[in-house]
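This is what each chain is made of:
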Amino acid sequence: MLNEDKIEQAFIDQLVGQGYTYHYGRDIAPNSDNPQREGFESVLLEQQLKNALRHLNPDVPESARVEAYQKILNLGTQDLMENNERFHTLLTNGVTVEYNKEGRTKGINVQLLDVVNPENNQFWVVNQLVVKENNNEKRFDVVIYVNGLPLVFIELKNATDENATVRKAYQQIKNYKTAVPSIFYYNSICVISDGIEAKTSSVSAPFSRFLSWKAPKAIANDPRTELQILTEYMLNKKTLVELIRYCTVFEQEEQKDDNTGLIFQIKIKKVAAYHQYYAVQKAVAQTIRATDSEEGDRKVGVVWHTQGSGKSLSMVFYAGQIVTHPQMENPTIVVLTDRNDLDDQLFATFGNCKELLRQTPVQAQSRDHIKELLNVSGGGVIFTTIQKFSPEEGNVFDTLSERTNIVVVADEAHRSQYGFKARVVDVEEGSEIRYGNAKYLRDALPKASYIGFTGTPIEKEDKSTPAVFGEYIDVYDIKQAVDDGATVPISYESRLVKIKLNEEVTKSIDSQIDAIEGATEEQIEKAKTKSAAIEKIIGKDDRLKDIATDLVSHFEARQKVFEGKAMIVSMSRKICAKLYNEIIALRPDWHHDDLDKGAIKVIMTSTSDDEAILQPHHTTKTQRKLLAARIKDPNDVL
């Protein structure tokens, strides 16, 4: 009969088959014949850790190793997540200590983990480990120790017991975090399983972020359980150390206090899901190939990961691994977007993860600034919009660097990265020849390599994206994301309010849109005045009344079937404000002047000199964060 003990033993046997060393907790307890811990209060295997420090750092003085050991033991706070982040920094960057040599004080880095040669680490799997803390005594199912450090925590339940679910396993870990928090100071990854279903995430993740780990290639009618697959592929020694070193970040996240309504900051830890890890490893390999100074073709490829599946973090994980890769020889990463708002969003994500990047990203403010940032011999993570590569005059942008270890990471690769051909543009003095910004970018960085990340598929007719970036590196589509629970399913319904235009107006609009494609920032500004005519047609009062009526009736009908939230995206801020007025005319009780009240809000950037209709919706960046927290809260009326 299947029970928890058999599930536990089968799991351990598989790990032993993968090169792990097994120990029963009682056999290495402090009161055993082979004690590996100094006391039941200890969560480290002290002697093994000391041996590992000596093995991994043979040329480091013993005094430096002793100091490093003490820093590991004493992380300095009582806060679980603060200690977890501090330890993660020590684990991945090494412990910096000072020692005296020949009368001089020197700094030295003591390594805790060998990422380059995973087999150089000691992997132990220990079950039924007893820890005593704060008058609590707890026995853990399975803990994976690497070099004496409890990096992976596994909570197992019995699949044949209908009450012993993976959710119960998750709740058990939450209880352990309260009762015996010290073991989680050193935790890298948590695993919950009922012996068949298995999910993994970080120590701070909510249950919804615990996801299955899958094989690199799907096998039809695969007889293995999710736990067996996770054990084989994620707990593979190489994958495990790479996941810890390159695919783990800490971020500050805002949450709302349910009682006070105030926003506060919490620290969260994010570990890559399987699709992110596999994509990053493929992208790194393709980057090494593409950037080869002699044989590289400068086309790394395209990563298509559907919207909502963590594309931005995948870009961070990729950049974090590339910047430290020895074959890249201190590369420069240029993160490219085509809109300032996207540049700001992505820059904020990267800025939160500067520990992984081992440097602070910089955002280019102007053409001159991007020239200054790229005129270096190496290093740097630089953010810019592609429009900053448009020359102020002429048709050639200055060559900024001919280094081969510059990687341009394009967000939404298929949108603005083309435009190599000459075209005639009308200007005040007459007409002149202009190129798209992609050509000017290559003027500036003639030997750079290019990788694209996109949340939407490349159209079959689109020949430009493969020509510029290369073929797909990895694909994670909406079906996979929904199947994995990484994102919610999306349903599309055609609900059109048609615009009736005569042929002359249609031709005028088409020509105005064509003029915008591939334009410089200055050209876009000029085009905005022309596009005002389009906005007037889209935002006609009678049309917005029809849209408001349809939206309200549709939303309320959906709410009767299941609860949810809605987001309306409009062509312009003015149309948003006008549509808001039409909606609250139908449902006045949805409106409230206070930021923390009301069922509907307009989210937009604004300035004090905006026209009157926009003034009621003026918000600061901090206030927009408050609104973001409200919309994410399922219990908030917004």
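Quick caveat, the model's predicted, so the values are computed rather than measured. (Residues numbered from 1 in each chain as written. Predicted model: local features only at pLDDT ≥ 70, side-chain atom pairs only at ≥ 80, totals over all residues. Heavy atoms only, no water.)

## Re the pairing of strand β2 (residues 95-101)
Move 1: Pairing of β2 with strand β3 (residues 104-110) involves 7 bridges; the strand directions are antiparallel. When the sheet's bridge partners are listed, Thr 96 is paired in β3 with Asn 109. (Pairing = 2+ DSSP bridges. Helix = DSSP H or I, 4+ residues; strand = E, 2+ residues; numbered from the N terminus.)

## Details of the sheet that holds strand β6 (residues 149-156)
Move 1: Overall, mixed pairing links the 6 strands, which are arranged β1-β4-β5-β6-β7-β8 in an open sheet. The sheet is open, and its two edges are formed by β1 (21-24) and β8 (198-201), each paired on a single side. Across the sheet, the mean angle from the axis of one strand to that of its neighbour is 30°, orientation sign disregarded.
Move 2: In the sheet, strand β5 (residues 136-146) pairs with β6 via 5 bridges, with the strands oriented antiparallel. Opposite Ile 144, over in β6, you have Val 152 as the bridge partner.
Move 3: Lying over the sheet, helix α5 (residues 166-179) contacts β4 (123-133), β5, β6, β7 (189-193) and β8, oriented at roughly 140° with respect to β7. (Axes fitted to C-alpha atoms, helices over the stretch in contact; angles between N-to-C directions. Contact = heavy atoms within 4.5 Å.)

## Considerations on the packing of helix α9 (residues 274-290) against helix α10 (residues 311-323)
Move 1: One can describe the packing of α9 onto α10 by two numbers: an axis separation of 9 Å at closest approach and a directional angle of 45°. On the basis of the axis angle, α9 is oblique to α10. The two elements α9 and α10 cross, and the hand of that crossing is right-handed. For the pair α9 and α10, the contacting residues are Gln 276, Val 280, Gln 281, Ala 283, Val 284 and Thr 287 in the first and Leu 313, Ser 314, Phe 317, Tyr 318, Gln 321 and Ile 322 in the second.
Move 2: Of the residues belonging to the contact of α9 with α10, the class tally is 7 nonpolar, 5 polar and no charged. (Parallel < 35°, antiparallel > 145°, perpendicular 65-115°, else oblique. Left-handed = near helix turned anticlockwise from the far one by under 90°. Nonpolar A, V, L, I, M, F, W, Y, C, P; charged D, E, K, R; others polar.)

## A short note on a negative patch on the surface
Move 1: Together, Asp 368, Glu 372, Glu 392 and Glu 393 make up a negatively charged patch on the protein surface.
Move 2: For Glu 372, a relative accessible area of 57% gives the class exposed. (Patch = residues over 30% accessible without salt bridge, like charges linked within 9 Å, V, L, I, M, F, W, Y side chains within 5 Å. Areas by Shrake-Rupley, 256 points an atom, 1.4 Å probe, with all protein chains shown as cover. Salt bridge = Lys/Arg side-chain N within 4 Å of Asp/Glu carboxyl O. Lys, Arg positive; Asp, Glu negative; His and termini not counted. Charge placed at Lys NZ, Arg CZ, Asp CG, Glu CD. Buried < 20%, exposed > 50% of the residue type's maximum accessible area, 1.4 Å probe, protein only.)

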